[in-house]
Amino acid sequence: MGWWLVDSETLVGSRFVVSPLAEAIAALKLLDRGTAAHPGERAWLGAHLPAYRERLAGDPVTGLLVRAALGRTWNADFLTPTPSGEGSPGFEEELTRIRETPPEAAREHLTVSLGGPLPDPLRRTDLPVRAADVVAWVWTHTVLPDWPRRRRVIEADIVARTAQLGRGGWAEALDDMRRGMRWLGEGRLQINTRDHPPRDLSGARLMFVPVTPRTGWVSWDEAVRYAVVYPCSGALAEAGRQRVPEALGALLGPARAAVLMLLATPLSTTQLVALTGQGLGSVGRHLKVLLDARLVRRRRAGRSVLYYRTETGDALVAAQQDG
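Residues numbered from 1 in each chain as written. Predicted model: local features only at pLDDT ≥ 70, side-chain atom pairs only at ≥ 80, totals over all residues. Heavy atoms only, no water.

1. Quick word on the packing of aromatic side chains
To describe a pair of aromatic rings, you give the distance between the ring centres and the angle between the ring planes. Inspection of every chain in the model, using the stated rule, returns eight aromatic pairs. Ring geometry for W4 versus Y226: centroids 5.2 Å apart, planes at 70°, classification edge-to-face. Of this pair, W4 sits in strand β1 (residues 2-5) while Y226 sits in strand β8 (residues 225-231); the two residues are 222 residues apart in sequence, bridging distant segments of the chain. Positioned over the ring face of W3 is R188, at 6.0 Å from the centre of the ring. (Phe/Tyr/Trp six-rings, centres within 6.5 Å; stacked < 30°, edge-to-face > 60°. Helix = DSSP H or I, 4+ residues; strand = E, 2+ residues; numbered from the N terminus. Lys NZ or Arg CZ within 6 Å of the ring centre and 35° of its normal.)

Here's what the structure looks like:
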């Protein structure tokens, strides 16, 4: 198995990071794969896959580059740079890491992701620029219009993971983060089930980077920064894609109806704030009204209080959706 040795100092100093570039690369991986993990991804692919395929059909070199960079078992390192973990860099600032990769380094990384020599069309010097351009296209056309919602989902996932960490320690917070990953104890973090040699992260910075597509990867800047990119929970990634039915919004008010729509899955107040973009006081007032009307219930889970729809609340939402 592939595992990392994480000392206590690195573990204590680890942090969650929001990365627009990671979200764009995750979207690129989903477009390249062309298959969906849940209905939300299916709808997104239906909207954007034809234009993506048309773009690559008109630029076969970049199409070959993308397929080579997203290898079967390893991504070309230059395409998935490790976040700096400093401040909140924007997409363009992060993209510079790809665009300014030395061409010889990009070709070297591609031989690793391919598992063999480069095909002749990729023996060129503009590979980093081409890679950056296609990632920028994915960001502009398929991610940016939905970025405020995606960012709220990412922030809600970070809230949930932080709560898990406080409730059950690293084992609970990490075990379901991505397929094949679990905390083994004694400072060992299993990254995947492949037969890779262990890596010692002592003294390095460890970051966890959530993305909304159902994909993930690991990356590192040797001995300095390591990152685990992982998918937000399916329930959270789907949350917020549902539009509030007009009649339900008229009955409850659009903001309160939006809260009720999200509670098909138990969520905390903090998560609801992140997902809706409403203030804490507003969400609290909506929840009180919904509780009094017996449309939602609440239960305690560790230090958190989770809210979820009752059968009556489910029936009210279902009646609007069926219509």
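2. With respect to the layout of surface pockets
By volume, the second largest pocket is sized at about 280 Å³. Forming the walls of the second largest pocket are 15 residues, and the residues nearest its centre are W74, H196, P197, R199 and W220. Those elements giving two or more residues to the lining of the second largest pocket turn out to be β1, β4 (188-192) and β7 (217-221). The leading source of residues in the lining of the second largest pocket is β1, at three residues. Of the residues in the lining of the second largest pocket, the class split is nine nonpolar, four polar and two charged. (1 Å grid on protein atoms, 1.4 Å probe; cavity = no way out; pocket = protein on both sides within 12 Å on 5 of 7 lines; lining within 4 Å. Points joined across faces, edges and corners; volume = space filled by probe spheres on them. Nonpolar A, V, L, I, M, F, W, Y, C, P; charged D, E, K, R; others polar.)

3. Thoughts on helix α3 (residues 39-57)
The terminal C-alpha atoms of α3 lie 26 Å apart, and with 19 residues this matches the ideal 27 Å at 1.5 Å per residue to within 8%. If you look at α3, its biggest bend is around 45°, right at H48, and the proline P50 turns up within four residues after that. (Expected span 1.5 Å × (residues − 1). Bend = angle between axes of the 7 residues up to and from the residue.)

4. As for the sheet that holds strand β5 (residues 199-200)
Ordered by their spatial adjacency, four strands build an open sheet running β3-β4-β1-β5, and the pairing between neighbours is mixed. In the strand order of this sheet, the two ends are held by β3 (182-185) and β5, each with one partner. When β1 meets β4, the two strands line up antiparallel, connected through four bridges. When the bridges of β4 are listed, G2 appears paired with N192. (Pairing = 2+ DSSP bridges.)

5. A word on the nonpolar core
Core analysis: the largest hydrophobic core is formed by 91 residues, its most contacted members being W4, I98, L110, V135 and F208. With 10 residues, helix α7 (residues 127-143) is the single largest residue contributor to this core. (Core = buried A, V, L, I, M, F, W, Y, C linked by side-chain atoms within 4.5 Å. Buried < 20%, exposed > 50% of the residue type's maximum accessible area, 1.4 Å probe, protein only.)

6. Description of the environment of L260
One can find L260 in helix α11 (residues 254-262). Sequence separation between L260 and L295 is 35 residues; the distance between their C-alpha atoms is 8.0 Å. Apart from the residues within four sequence positions on either side, L260 is in contact with L252, L290, L295, V296, R309, L316 and V317. (Contact = heavy atoms within 4.5 Å.)

7. Some details on empty space enclosed by the protein
Considering all chains together, one arrives at three cavities of 30 Å³ or more under this definition. Size it by volume and the second largest cavity reaches roughly 40 Å³. Around the second largest cavity, the lining residues are S19, L21, A22, I25, T80, P81, P83, V209, W217 and V229. The biggest single contributor to the lining of the second largest cavity is helix α2 (residues 20-33), with three residues. Taken together, the residues that form the lining of the second largest cavity break down as eight nonpolar, two polar and no charged.

8. As for the side chain of T310
Within the secondary structure, T310 is located in the loop between β11 (304-309) and α14 (311-322). Apart from the residues within four sequence positions on either side, T310 is in contact with R294, L295, V296 and R297.

9. Topic: the pattern of salt bridges
As enumerated under the stated definition, the model contains 16 salt bridges in all. Among the salt bridges present, the one from D146 reaches R150, with a minimum N-O distance of 3.5 Å. What makes R150 buried here is its relative accessible area of 2%. As a salt-bridge pair, D292 and K288 come within 2.9 Å of each other at their nearest N and O atoms. (Salt bridge = Lys/Arg side-chain N within 4 Å of Asp/Glu carboxyl O.)

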